[in-house]
Amino acid sequence: MHRVLITEHIHEEGLRDLYEAPNIETIVRLGMSKEELYEAVKGADALITRSGTAVDAKLLDAGKNLKVVARVGVGVDNIDLEAASKRGVIVLNSPTGNTLAATELTMGMIIAVARKIPQANNSLRKGEWRRENFLGTQLYGKTLLIIGLGRIGSSVATRAKALGMEVFCYDPYINAKKAENLGVRRLDDLHGALALADFVTIHVPLTGETKNMIDDEALRSIKKGAYLINCARGGIVDERACAEALKEGRLAGAAFDVHAVEPPKGSPLFDPEIAAKVVLTPHIGANTKEAQQAVAEIVVKNLIKALNGEPYENAVNIPYMENRMTLQEREFLSLARRMGMIAACVVKEHIANMTVTMAGPLFEEFELNLPFELPYRYMPFTTAALKGLLEVRLGPEVNAMSAPLLAKEQGVSIFESRTEARTYKNILSVEIKSQNKAFSMDGTVTEEGKKRIVRVDGYEIDFVPEGWILLFSNHDRPGVIGKIGTLLGDYNVNIANFALGRKNGSGLAIAALQLDSSAPREIMEKIQKDADLLWAHLINLNGE
């Protein structure tokens, strides 16, 4: 008999399968103190929670019998994934159950801000009858720009087209065929797309690339009189810049369900001067009865399968993988992820395919002695490279279990191959291809356990993939490196290390500068222009 402890309110209908399972005892304990929680979890085989229970190392230590922690919803910020993985505890979530809820809230926000429904409601409740104050804008015939054409963005596109809107999208990472099949016109330049749109809605994750994506510069590109809707993540829009755009009349209205700080105390969007133009809600995108039931049903179904030793989905970690690897295998796993991250930063468009090639006895012995079943038939090193590639674009929520599914959704084909090791005992190669570009690199782990990148696009090179890296290609002639060093020095950015790769007869070189800190956007623009580079990319490999 498996004991399942539930610590927060979960939709009752969503728990029906759990209650009816013959080999499971369900215990519901809400509102416990920390001490009571530590005591209650001692005999539990599984824990079901939402965001209000901190599943930290101490709690996991108390729950020595825990096999599964299930988060009803998407975010797992309240769960110590590293601690769970070390203890072999499977962490499940339910990432797909709220797609329709988020879509419908977005459509509601578009209509509400266009027709000033909340403001009209508030006015009438005050005893006023001022119809002239609530002149709205119809949606039929208007242009809608969707930033991020994933599950929710695609669902919004379908509904917007049904309302007679012309739909564009900005998403450099999606397959062009996907946009075409949805009847959506894909635009490659964000500022140009903003200049065409009557309505703009955001559906991307919060990453280093998307943080403050809609800043003052972007808002000065936007079509005068447009409406901005953000039901994705707080921090993607610079709220102060948005408030200024509303005050100046560059934006006709804005609707936000998510906020840079939640609860959003002191938000610039609370300014009374712009109250008539703004609709705000307290992050209720997933708050429908159906969505709450769906996310509970998804997590319960997979929890039961995991406890019964059956195949399950939506695991956020793969504890059985890393726990059973040698130290060198884990270092190669970390190397693969970092190679995927580098590739994502260099090729900033839709990737058609990724090939991971393994050479050397480490990979042969690993495959022969696998003590576990591979997820989605890929080797762990392939999955790690894919995870690195996608987390740069989709955010840290991408994990080793979800990466192959997300790749399939984005139209990325995955290939694995074997070859003989030559220069190095064990070597890992990653190659990605888009419609217009191919990029490849080789990496290895030394006998001392040091990760190295030893080849980039066929150029022999040697650098450590960690920290901030400025990777660039240039004409192989005097003065280039000096110019870059001077420009970095002007901004007090220190070079920690330097590696150069040259190819005889090509007239070109590839270099990697390891920096002590990030470089501001303006310095990257100057480096591209003044140093006569073919391309340059600033890559953040800090942390795991």
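To be clear, the structure that these remarks concern was listed above.
Calculation criteria
- Residues numbered from 1 in each chain as written.
- Predicted model: local features only at pLDDT ≥ 70, side-chain atom pairs only at ≥ 80, totals over all residues.
- Heavy atoms only, no water.
- Pairing = 2+ DSSP bridges.
- Helix = DSSP H or I, 4+ residues; strand = E, 2+ residues; numbered from the N terminus.
- Axes fitted to C-alpha atoms, helices over the stretch in contact; angles between N-to-C directions.
- Contact = heavy atoms within 4.5 Å.
- Expected span 1.5 Å × (residues − 1).
- Buried < 20%, exposed > 50% of the residue type's maximum accessible area, 1.4 Å probe, protein only.
- Parallel < 35°, antiparallel > 145°, perpendicular 65-115°, else oblique.
- Left-handed = near helix turned anticlockwise from the far one by under 90°.
- Nonpolar A, V, L, I, M, F, W, Y, C, P; charged D, E, K, R; others polar.
- Core = buried A, V, L, I, M, F, W, Y, C linked by side-chain atoms within 4.5 Å.

(A) Layout of the sheet that holds strand β17 (residues 451-456). Reading across from one edge, β14-β13-β15-β16-β17-β18 is the order of the 6 strands in this open sheet, with mixed pairing throughout. Single-partner strands in this sheet number two, and they are β14 (413-419) and β18 (459-463). When the angles between neighbouring strand axes are averaged without regard to direction, this sheet yields 20°. In the packing of helix α14 (residues 327-346) onto the sheet, contacts are made with β15 (427-434), β16 (438-445) and β17, and the angle to β16 comes to roughly 160°. Docked against the sheet, helix α16 (residues 380-394) engages β13 (351-359), β14 and β15, running at close to 145° with respect to β13.

(B) A look at α16. For α16, spanning 15 residues, the distance from its first C-alpha to its last is 20 Å, which sits close to the expected 21 Å at 1.5 Å a residue. The buried count for α16 comes to 14 of 15 residues, which makes it a mostly enclosed element. Immediately beyond the C-terminal end of α16, within one or two residues, lies Gly395, with a positive phi of roughly 105°.

(C) Layout of the packing of helix α5 (residues 99-115) against helix α7 (residues 151-162). Across the interface, α5 lies against α7 with an axial gap of 9 Å and an inter-helix angle of 50°. Taken as axis vectors, α5 and α7 run oblique relative to one another. Crossing angle aside, the handedness with which α5 passes α7 is right-handed. When α5 is examined against α7, the residues Thr99, Leu100, Ala102, Thr103, Thr106 and Met107 are found in contact with a partner set consisting of Arg151, Ile152, Ser155, Val156, Arg159 and Ala160. Of the residues in the contact of α5 with α7, the class split is 6 nonpolar, 4 polar and 2 charged.

(D) Summary view of unusual backbone geometry. Here the residue pair Glu262 and Pro263 is connected by a cis peptide bond, since its omega of -5° sits within 30 degrees of zero. As for its placement among the helices and strands, Pro263 is situated in the loop between β11 (251-256) and β12 (278-280). Its identity as a non-glycine residue notwithstanding, Asn212 has a phi of 55°, on the positive side. Residue placement: Asn212 occurs in the loop between β9 (199-202) and α10 (216-221). Of the residues examined, Asn212 reaches a relative accessible area of 31% and is grouped as partly exposed. At His283, a position not held by glycine, the phi torsion is positive, near 55°. Summarising the element assignment, His283 is placed in the loop between β12 and α12 (289-307).

(E) Geometry of the nonpolar core. The biggest cluster of nonpolar side chains holds 53 residues, and the ones touching the most others in it are Phe381, Phe439 and Leu471. Among the elements that take part in this core, α14 stands out by supplying 11 residues, more than any other.

(F) Here's a closer look at the side chain of Thr383. For Thr383, the position within the fold is in helix α16. Aside from chain neighbours lying at most four places away, what touches Thr383 is Tyr378, Ala400 and Pro404.

(G) Region of the structure containing the sheet that holds strand β20 (residues 495-502). Across the sheet, which stays open at both edges, the 4 strands sit in the order β20-β21-β19-β22 with antiparallel pairing between neighbours. This sheet does not close on itself; its edge strands, each paired only once, are β20 and β22 (533-541). Strand-to-strand twist in this sheet, taken as the mean axis angle between neighbours without regard to direction, amounts to 15°. Here β20 runs beside strand β21 (residues 508-515); their pairing, made up of 7 bridges, is antiparallel. Considered in β21, the bridge of Asn497 is made with Gln514. Contacts from α14 reach β19 (467-475) and β22 within the one sheet, and its direction differs from that of β22 by about 140°. Running at roughly 145° to β19, helix α18 (residues 480-490) makes contact with β19, β20, β21 and β22 of the sheet.

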